[in-house]
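Structural description and commentary
The chain contents come next:
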Amino acid sequence: SPVMFSESEGVFPVESVSYFFEVKSKLTMKGINDSIEKGKRIRKICGTKEHLLGVLFAFSTDLVKESNERERYEKALENIDPGYKIPVMQIICVVGKGYYYYSDSDKKWKEYTSCEDYNEIVGLIVGIINTLTSRKSRQIKISPGQYFLK
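A brief look at the structure comes next. Residue positions are given per chain, counting from 1 as you read along its sequence in written order. In keeping with the predicted nature of the model, local features appear solely for residues at pLDDT of at least 70, side-chain atom pairs appear and are counted solely at 80 or more, and the whole-chain, interface and lining totals rest on all residues. The side-chain quantities take in all heavy atoms of the structure and omit both hydrogens and water.

Take the environment of R70 next. Secondary structure elements follow DSSP: runs of H or I of four or more residues count as helices, runs of E of two or more count as strands, with numbering from the N terminus. With respect to the helices and strands, R70 occurs in helix α2 (residues 69-80). Taking the C-alpha atoms as reference, R70 lies 9.4 Å from K110; in sequence the two are 40 residues apart. Working rule for contacts: check all heavy atoms of both residues, and any pair within 4.5 Å makes them a contact. The contact partners of R70, leaving out residues within four places of it in the chain, are I92, Y100, W109 and E111. Within the structure, the side chain of R70 is placed 2.8 Å from the side chain of E111, a separation counted as a polar contact. Here a polar contact is recorded for every N or O atom pair within 3.5 Å, except that within protein the pair must consist of a potential hydrogen donor and a potential acceptor, and residues adjacent in sequence are included only if both atoms are side-chain atoms.

Within this document, salt bridges are pairs made up of a side-chain nitrogen of Lys or Arg and a carboxyl oxygen of Asp or Glu, the two lying within 4 Å of each other. Evaluated as defined, the whole model comprises 11 salt bridges. Between R70 and E71 there is a salt bridge, with the nearest N and O atoms lying 3.7 Å from each other. Burial classes: relative accessible area under 20% of the type maximum marks a residue as buried, over 50% as exposed, and values in between as partly exposed (1.4 Å probe, protein chains only). In this structure R70 comes out as buried when scored by relative accessible area, which is 14%. Since its relative accessible area comes to 39%, E71 is described here as partly exposed. Residues R70 and E111 are paired through a salt bridge, measuring 2.8 Å at the closest nitrogen-oxygen approach. Of this pair, R70 sits in helix α2 while E111 sits in strand β7 (residues 108-113); the two residues are 41 residues apart in sequence, bridging distant segments of the chain. Taking the relative accessible area as the measure of exposure, E111 reaches 32% and is therefore partly exposed.

Attention now goes to the nonpolar core. Soluble globular proteins tend to pack their nonpolar side chains together in the buried interior. Judged by nonpolar contacts, the single largest core of 19 residues is most densely connected at I32, I36, L56, Y73 and I92. Elements supplying a minimum of two residues to this core: β3 (19-27), α1 (29-46), β4 (53-61), α2, β5 (91-94) and β6 (98-103). Filtering out sequence-adjacent residues up to four positions away, Y73 remains in contact with I32, I36, L56, P87, V88, M89, I92 and W109. Definition used in this section: a nonpolar core is a set of buried Ala, Val, Leu, Ile, Met, Phe, Trp, Tyr and Cys residues joined via side-chain atoms within 4.5 Å. One finds Y19, V55, F57 and I128 within the second-largest nonpolar core, a separate group that totals 10 residues.

Any two strands are treated as partners once DSSP identifies two or more bridges connecting them. Where β6 and β7 come together, 6 bridges link them in antiparallel fashion. Its bridge partner lying in β7, Y100 is registered against E111. The loop that links β6 with its antiparallel partner β7 comprises 4 residues; one of these, K107, has a positive phi angle of about 60 degrees.

Bringing the sheet that holds β3 into the picture now. Ordered by their spatial adjacency, 5 strands build an open sheet running β3-β4-β5-β6-β7, and the pairing between neighbours is mixed. Across the chains shown, the open sheet's two edge strands, defined by having one partner strand only, are β3 and β7. Strand-to-strand, the axes of this sheet are offset by a mean angle of 15 degrees, without reference to chain direction. Bridge count for β3 against β4 is 8 bridges, and the pairing is parallel. Within β4, the residue paired with Y19 across the bridge is L53. A fitted line through C-alpha atoms serves as each axis, taken over the contacting stretch for helices, and the angle formed by two N-to-C directions is quoted from 0 to 180°.

Moving on, we get to a nonpolar patch on the surface. Only residues above 30% relative accessible area that lack a salt bridge enter a patch, with like-charged residues linked at up to 9 Å and the nonpolar side chains Val, Leu, Ile, Met, Phe, Trp and Tyr linked at up to 5 Å. For the area figures, the Shrake-Rupley method with a 1.4 Å probe applies, and any residue is considered shielded solely by the protein chains shown. On the surface, a cluster of nonpolar side chains totalling about 300 Å² of accessible area is made up of V3, F5 and V11. Its place among the elements puts F5 in the loop between β1 (3-4) and β2 (10-11).

Attention now moves to the packing of aromatic side chains. In this analysis, rings of Phe, Tyr and Trp, with Trp reduced to its six-membered ring, are considered paired at centre separations within 6.5 Å, and the interplanar angle assigns stacked below 30 degrees, edge-to-face beyond 60, and tilted for intermediate values. Using the criterion set out here, one finds 7 aromatic pairs in the structure. Ring centres of Y99 and Y112 lie 6.2 Å apart, and the angle between their planes is 20 degrees; on these two criteria the pair is classed as stacked. Remark: Y112 occurs in strand β7 and Y99 occurs in strand β6; sequence separation between them is 13 residues. Its relative accessible area of 7% is what places Y99 among the buried residues.

Quick look at the structure:
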């Protein structure tokens, strides 16, 4: 549990943190490199905790329609950290573009491109809900996120 000093300030043990976010107004290659470096610093401080997931969230992108954010991220990560085993940011969500996450069990990326109605944001929220509920209630096998999807 966190130790709170005020309503908005406190100390949060790394064991109580499930996600860290890097938010960009517009995702660019420079922004991707920046998020990878920041994620590496967080991982260095926190260790390689399985439960700690990095999220790269952007409101827009400078990529053209046919390009893929996950592929661009992987190229940047390979340049910064050759031979990496697990991506620093395992989740990428770009509004109007898509939702991508690294499946630790499959050791590969899964992706959902944006169709309409901001389904990439819904995917991110559902993924977070499913992850948190599975961690908090291992004895109860529920996935409430499934009720939000058609």
